[in-house]
Amino acid sequence: MPNTKFRFALYLCLVALISILSATAQAPVQLTIDAAHPGVTINRNIFGQFAENLGHGLYEGIWVGPDSKIPNTRGIRNDVVTALRALNVPNVRWPGGCFADEYHWRKGIGSADKRPATLNSTWGNVIDTNAFGTDEFMDFLNQIGSEAYVSANVGSGTPQEAAEWLEYLTAAAPTALAKERAANGHPEPYKVGFLGIGNESWSCGGAMTADYYLSQLKIYSHFVRNMNPAQQGKDEMFKIAVGPGFPETEWTEAIMKAWQHHDWSWDFNGLSLHWYTVPTGWPPSMSSTTFGVDDYAKTLKSTLFMDEFLRKQEAVMNKYDPQKKVALVVDEWGAWLAPLPGTNPHFLIQQNSLRDAILATLNLNIFARHADRVRMANIAQMINVLQSMILTDKEKMVLTPTYYVYKMYVPFQDATFVPITFDAGTYTQGSVTLPRLDAIAAKDKSGKLWLEVTNIDPQHSAEIAIDLTGSAAKSAHGETLTAPAVDSINTFDTPHTIMPKPIAATIEDGKLTLKLEPKSVTVVLLEPE
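As the structure is a computational prediction, the values presented were derived from the model and not from experiment.

### Remarks on the pairing of strand β1 (residues 29-33)
Of the two faces of β1, the one lined by V29, L31 and I33 is fully buried and the one lined by Q30 and T32 carries no buried residue. Two strands pair when backbone bridges link them, and β1 and strand β23 (residues 462-467) are joined in this way by four bridges, in the parallel orientation. Each residue of the ladder has a partner; that of L31, found in β23, is I466. Where β1 meets strand β18 (residues 420-422), three bridges bridge the pair, whose relative direction is antiparallel. Note that in β18 the partner of I33 across the bridge is I420.

### So, the sheet that holds β23
Taken in spatial order, the eleven strands make up an open sheet running β2-β17-β21-β22-β27-β24-β25-β26-β23-β1-β18, and their pairing is mixed. Two strands bound the open sheet, and with one partner strand each, they are β2 (41-42) and β18. Examined bridge by bridge, strand β24 (residues 475-481) and strand β27 (residues 520-527) share seven bridges and lie antiparallel to one another. Across the sheet, the residue bridging to S475 is E527, located in β27.

### A look at the sheet that holds strand β11 (residues 238-241)
An order of β3-β6-β9-β10-β11-β12-β13-β14 is seen for the eight strands of this open sheet, with the pairing classed as parallel. Each edge of the open sheet is held by one strand with a lone partner, namely β3 (49-50) and β14 (374-379). Running at roughly 145 degrees to strand β10 (residues 194-197), helix α6 (residues 210-223) makes contact with β10 and β11 of the sheet.

### Brief notes about the packing of helix α10 (residues 354-369) against helix α11 (residues 401-408)
Contact geometry of α10 with α11 gives a least axis separation of 7 Å together with a crossing angle of 35 degrees. Where α10 crosses over α11, the two elements pack in a sense that is right-handed. Across from L354, D356, A357, A360, T361 and L364 in α10, the residues of α11 making contact are P401, T402, V405 and Y406. Here the residues of the contact of α10 with α11 are counted per class, giving seven nonpolar, two polar and one charged.

### Notes on the confidence of the model for the protein
Reading fine detail from the predicted coordinates is not recommended where pLDDT is low. With 94% of its residues at a pLDDT of 70 or more, the protein has an overall mean of 94. Contacts of residues 8-24 to residues separated by more than four positions or lying in other chains number zero contacts, the stretch itself having pLDDT below 50.

### Remarks on helix α7 (residues 250-260)
Residues W251, T252, I255, M256, A258 and W259 constitute the buried set of α7. Along the long axis of α7, the arc covered by the buried residues comes to 160 degrees, so they all point the same way.

### Some points on the environment of L468
In this structure, L468 sits in the loop between β23 and β24. Judged by relative accessible area, L468 falls into the buried class, the value being 3%. C-alpha of L468 to C-alpha of L526: the two residues are 58 residues apart in sequence and 9.3 Å apart in space.

### Topic: the packing of helix α8 (residues 293-303) against α10
Where α8 contacts α10, the axes come no closer than 10 Å and their chain directions differ by 20 degrees. For the element pair α8 / α10, the angle class is roughly parallel. At the point where α8 passes α10, the crossing takes the right-handed sense. Taken together, the residues of α10 that come into contact with α8 (itself represented by D295, Y296, T299, L300 and T303) are R355, I358, L359, L362 and N363. Broken down by class, the residue content of the contact of α8 with α10 amounts to five nonpolar, three polar and two charged.

### Some thoughts on the packing of aromatic side chains
Under the definition given, this model contains 23 aromatic pairs. Considering the side-chain rings of F305 and F309, the 6.3 Å spacing of their centres and the 20 degrees angle between planes classify their relative orientation as stacked. Of the two residues, F305 and F309 both sit in helix α9 (residues 305-320), four residues apart, roughly one turn of that helix. The exposure class of F305 is partly exposed, given its relative accessible area of 22%.

### Thoughts on the environment of F50
Its location among the elements puts F50 in strand β3. Residue F50 is classed as buried on the basis of its relative accessible area, which comes to 1%. On a C-alpha basis, the gap between F50 and L214 in space is 25 Å, while along the polypeptide they are 164 residues apart. Contact partners of F50, with chain neighbours within four places excluded, come to R93, G96, G97, D331, E332, N378, I379, A380, Q381 and M382.

### Quick look at the state of the cysteines
Applying the stated criterion across every chain, the model contains one disulfide. Here C98 engages in a disulfide with C204; their sulfurs sit 2.1 Å apart. In this structure, the disulfide formed by C98 and C204 twists by about -90 degrees around the S-S bond and is classed as left-handed. Here C204 lies in the loop between β10 and α6 and C98 lies in the loop between β6 (91-94) and β7 (118-120), a separation of 106 residues in the sequence. Judged by relative accessible area, C98 falls into the buried class, the value being 16%.

### Side note on the pairing of β23
Judged from the six bridges that link them, β23 and strand β26 (residues 511-516) form a sheet pairing that is antiparallel. Its bridge partner lying in β26, D467 is registered against K511.

Rules behind the numbers
Residues numbered from 1 in each chain as written. Predicted model: local features only at pLDDT ≥ 70, side-chain atom pairs only at ≥ 80, totals over all residues. Heavy atoms only, no water. Buried < 20%, exposed > 50% of the residue type's maximum accessible area, 1.4 Å probe, protein only. Helix = DSSP H or I, 4+ residues; strand = E, 2+ residues; numbered from the N terminus. Pairing = 2+ DSSP bridges. Contact = heavy atoms within 4.5 Å. Axes fitted to C-alpha atoms, helices over the stretch in contact; angles between N-to-C directions. Left-handed = near helix turned anticlockwise from the far one by under 90°. Nonpolar A, V, L, I, M, F, W, Y, C, P; charged D, E, K, R; others polar. pLDDT = per-residue confidence, 0-100. Arc of directions from axis to C-beta. Parallel < 35°, antiparallel > 145°, perpendicular 65-115°, else oblique. Phe/Tyr/Trp six-rings, centres within 6.5 Å; stacked < 30°, edge-to-face > 60°. Disulfide = S-S within 2.5 Å.

Laid out in structure tokens, this is it:
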């Protein structure tokens, strides 16, 4: 009998414990928005894109040629342009990437029938017709309403070649190169907002030491000039030096130490940084189509390292630039997964799942929290390559989950960061423990308050109670993005599996309650009436 009593007492304890845990799990997470103490601007350029001459990123993705049956404007796909205009793409980086340091711009101008066919030895030894060159790129930017981020060839090029390219692009005076540009159809000088001085010069860009790259940086920075009269003084072109692609800080130390003591003859405005989410290490082997919650958790744990990576580089930059004049430019980031089976492995073709959408939000939120130093970023890449916005197949086009995240985040472009406090909680999958929630808030230029909340947990919903004390918000509406499974994707046959759906919520007594679906991204506008 004592044994029976003991079992009964144990049973009662277990019931009580389960009841407590259940109540705790159901208790809303308290989130407070401190709208009275806004922070720095979330620079719209952190939502930049990257379009390297790689695989089907340019050819078929953007460029189909003026004679194509696919609807186009001067050879550029109309469907892609329409989709990208909805994202308010701030800047596009081109022609690379590793390809930039083998690109010679003169081969891509003038009559298409006179442009030489060359070999893209960086990405698969395929023939490049050079049909998509400088003027086509600038036309593309004009069509989508974006700015140029041009990568200069430092590895196999010369300062003279880069200087003449910028003269061709930007000279207003009737120089020979300006006249050549006019003869090619564009009398007015182009605006080049950003110049990258090399790419991964420590590796595919020339395997240089930091000191050797620094010697080249000084030369290119001085002689490669923007001659557009509209881009002088405070509107000058933004020069970006090569930074690291590894957590170690020696490269950053060398470049920033030199910058601290630079003279009038050379300067730069930003330091690039490359960091990909490669959860299984190099070479990438994680599937982009078939995986479960274990791989989901491992991937998100890998991507969250971005925060630590930024902090390490920022600590060095702060030592030499405490006023934060030099921006940190994360101009390559995203999920680098295994190539789709049956595709050319050099074309870096992968699918894009709900997992990638959540991965994108986590990185964008990290950039926003580092907005005092991170003022530009470029996801890799725009179309048909790595973590892309868009996939195409001949006349077909499909928008990816990552595309929809970027569309949902448009209100955060140039918005003012607003501090928030909340208990993120934890989500554990196997040996991996992650924060359960992530969130940011910001005020747009019109003063409207926006909130983004990500529920990382793929199996459980979350309720969040938002304290709006000090805010004039009276109602809330927005969108949420989720899907049946973490590996759900949009395909050409089923393009609408993952799309944002509208949500609405009421505010009572200064509090807003939101119920977040599992594995979801939610953006809401808090309206004053």
